[in-house]
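# Remarks on the overall topology
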Amino acid sequence: MSEAVDLIIREALPEDAEAVLTVMEQISQETEFLVMDEQGLELTPELLAHHLAAIYDSPNNLLLLAYNGQTLIGTASIRGSEEKRVAHIGEIGLSILKDYWGIGLGSVLMEELIDWSETSGCIRRLELTVQNQNTRARRLYEKFDFQTEAVMARGAISDEGEFLDVLLMSRLID
């Protein structure tokens, strides 16, 4: 990416459903590092809008949208449970269009997620899974003090049918 990015980050709203579906479909075609495949989210815009409203109103869920001007270029999320015993755990997800890899957007989004977690009043642990082969993502998470807790052998499978190790990483929020 050679041009400057006019970065805008904001919370997702129900009316963002179409744009989120479109960008996630594109991202799913650009990388096999995500759990979803080239089919994307496979939700209707109406169902996703309903989910976005619930996320927006939730104390332990967050979906941030990253825009370059008017173009949606990535998402960052924290997904918490409604179950009382694990409601303090937030699962992180980061997805960025390939054209925007390597310019620091992942770091900016991770900072936003951590800042939100620290002020949420309910999230006390962040966790994520990452394919061991995704060295860029691993370095990003390590930069933000995520620790590897487990290696899950055969945690994913590549498009070519090769089993891949997946790391479970976490960071405590104090």
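The rules behind the values
Residues numbered from 1 in each chain as written. Predicted model: local features only at pLDDT ≥ 70, side-chain atom pairs only at ≥ 80, totals over all residues. Heavy atoms only, no water. pLDDT = per-residue confidence, 0-100. Contact = heavy atoms within 4.5 Å. Core = buried A, V, L, I, M, F, W, Y, C linked by side-chain atoms within 4.5 Å. Buried < 20%, exposed > 50% of the residue type's maximum accessible area, 1.4 Å probe, protein only. Pairing = 2+ DSSP bridges. Helix = DSSP H or I, 4+ residues; strand = E, 2+ residues; numbered from the N terminus. Axes fitted to C-alpha atoms, helices over the stretch in contact; angles between N-to-C directions. Polar contact = N/O pair within 3.5 Å; in protein donor to acceptor, adjacent residues only side chain to side chain.

## Focus: the confidence of the model for the protein
Mean pLDDT over the protein works out to 92, with 95% of the residues at or above the 70 mark. Here residues 36-40 is a poorly scored stretch, pLDDT under 50, and it has 11 contacts once near neighbours within four places are set aside; other chains count.

## Focus on the nonpolar core
In this structure, Ile92, Leu94, Met110, Leu113, Leu126, Tyr141 and Phe146 are the most contacted members of the largest nonpolar core, which totals 42 residues. With residues up to four places along the chain from it excluded, the contact list for leucine 113 reads Leu62, Leu64, Ala76, Ser77, Ile78, Ile92 and Leu94.

## Looking at the sheet that holds strand β3 (residues 71-80)
Strand order in the open sheet formed by seven strands is β1-β2-β3-β4-β5-β7-β6, and the pairing between neighbours is mixed. The sheet terminates laterally at β1 (7-11) and β6 (147-157), the two strands that pair on one side only. Neighbouring strand axes in the sheet, compared pairwise and without regard to direction, differ in orientation by 25° on average. Where strand β2 (residues 62-68) lies against β3, seven bridges are found, and the strand directions are antiparallel. Of the residues in β3, the one forming a bridge with leucine 64 is alanine 76. On the sheet, helix α1 (residues 17-30) packs against β2, β3 and β4 (89-96) and is oriented at approximately 95° with respect to β3. With respect to the sheet, helix α4 (residues 135-143) is in contact with β4, β5 (125-131) and β7 (163-172), its orientation differing from that of β5 by roughly 160°.

## Some details on the side chain of arginine 125
For arginine 125, the position within the fold is in strand β5. In this structure the side chain of arginine 125 is engaged in a polar contact, spanning 2.8 Å, whose partner is the side chain of glutamate 127. Contacts of arginine 125, omitting those with residues within four sequence positions, involve His88, Ile89, Gly90, Glu149, Ser170, Arg171, Leu172 and Ile173.

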